[in-house]
Amino acid sequence: MTINEIQDEIIEEFELFDDWEGKYEYIIDLGKKLPKLSDEFKTEDNIIKGCQSVVWLHAYKQDGKIHFEADSEAIIVKGLVSMLVKVMTNHTPEEILKSDLYFIDKVGLASHLAQTRSNGLASMVKQMRAYAVAYSSI
């Protein structure tokens, strides 16, 4: 699937909920389904700067595509990072760098998250794009 197809799928899933209580529960469920990040990657170097909660992000390149793994101790934040991992994993650095992550606005995350969580979400995206820049030259 393309990045936009995955984003469209997430938007459709969020449209199933009438209120933000349901949407938050869905985000929490996504976090619970995120595969556990190996302790070897829970290092200071993998902590995303700019997040109020601790978020670890590990990336590697395989067959020309970047794969992301992440974790957080904060359950909503874990759900947020799981959506970014779903959207950006298994794509080339170029696809990641050219992507417009419109799903964040379309599902209402930008307007319903606390300012600190919105800043953290932006930091997660920034770090994923930084990995894409780094891996584009390899």
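Another point: the packing of helix H2 (residues 20-33) against helix H3 (residues 75-88). Axes are the key here: two packed helices are described by the angle between their axes and the distance separating the axes. Remark: H2 packs on H3, axes separated minimally by 7 Å, with the N-to-C direction vectors making an angle of 75°. Viewed along their axes, H2 and H3 adopt a mutual orientation that is roughly perpendicular. Listed contacts from H3 to Tyr24, Ile27, Ile28, Leu30, Gly31 and Lys32 of H2 are Ile75, Ile76, Lys78, Gly79, Leu80, Ser82 and Met83. A per-class count over the contact of H2 with H3 returns eight nonpolar, three polar and two charged.

For the rest of this paragraph, the subject is the nonpolar core. Judged by nonpolar contacts, the single largest core of 43 residues is most densely connected at Phe68, Met83, Leu84, Leu101, Phe103, Leu109 and Met124. Elements represented by at least two residues in this core include exactly helix H1 (3-14), H2, strand E1 (55-62), strand E2 (65-72), H3, helix H5 (103-106) and helix H7 (115-136). Counting residues per element, this core draws most heavily on H3, at nine residues. Residues contacting Phe103, with those up to four places away along its chain left out, are Gln7, Ile10, Ile11, Met83, Leu84 and Val87.

Okay, the pattern of salt bridges next. Within the structure shown, the criterion is met by five salt bridges. For Lys86, the salt bridge is made with Glu13, and the minimal N-O distance between the two is 3.8 Å. One end of the pair, Lys86, is in helix H3; the other, Glu13, is in helix H1, and 73 residues separate them in sequence. Here Lys86 falls in the partly exposed class, since its relative accessible area comes to 34%. Across the pair Asp39 and Lys36 runs a salt bridge, and its minimum N-O distance is 4.0 Å.

On to unusual backbone geometry, then. Located in the positive-phi region is Asp63, a residue other than glycine, with phi close to 55°. Within the element layout of this structure, Asp63 appears in the loop between E1 and E2. Residue classification places Asp63 among the exposed residues on the basis of a relative accessible area of 75%. Despite not being glycine, Asn90 has its phi angle at roughly 70°, a positive value.

Another aspect to go through is the side chain of Ser99. Of note, Ser99 is situated in the loop between helix H4 (93-98) and H5. Separated by 2.7 Å, the side chain of Ser99 and the backbone oxygen of Ile96 make a polar contact. Non-local contacts of Ser99, meaning those with residues more than four positions away in its chain, are made with Ile3, Met88 and Arg129.

With respect to the helices and strands, the residue His58 is situated in strand E1. Setting aside residues up to four positions removed in sequence, His58 forms contacts with Leu37, Phe41, Asn46, His67, Phe68 and Glu69.

The next subject is the packing of aromatic side chains. Applying the stated criterion across every chain yields a total of five aromatic pairs. Summarising the aromatic geometry, the rings of Phe17 and Tyr26 are spaced 5.3 Å apart at their centres and angled 35° between planes, so their arrangement reads as tilted. On the basis of relative accessibility, which here comes to 26%, the residue Phe17 falls in the partly exposed class. We classify Tyr26 as buried; its relative accessible area is 15%.

What counts and what doesn't
Residues numbered from 1 in each chain as written. Predicted model: local features only at pLDDT ≥ 70, side-chain atom pairs only at ≥ 80, totals over all residues. Heavy atoms only, no water. Axes fitted to C-alpha atoms, helices over the stretch in contact; angles between N-to-C directions. Helix = DSSP H or I, 4+ residues; strand = E, 2+ residues; numbered from the N terminus. Parallel < 35°, antiparallel > 145°, perpendicular 65-115°, else oblique. Contact = heavy atoms within 4.5 Å. Nonpolar A, V, L, I, M, F, W, Y, C, P; charged D, E, K, R; others polar. Core = buried A, V, L, I, M, F, W, Y, C linked by side-chain atoms within 4.5 Å. Buried < 20%, exposed > 50% of the residue type's maximum accessible area, 1.4 Å probe, protein only. Salt bridge = Lys/Arg side-chain N within 4 Å of Asp/Glu carboxyl O. Polar contact = N/O pair within 3.5 Å; in protein donor to acceptor, adjacent residues only side chain to side chain. Phe/Tyr/Trp six-rings, centres within 6.5 Å; stacked < 30°, edge-to-face > 60°.

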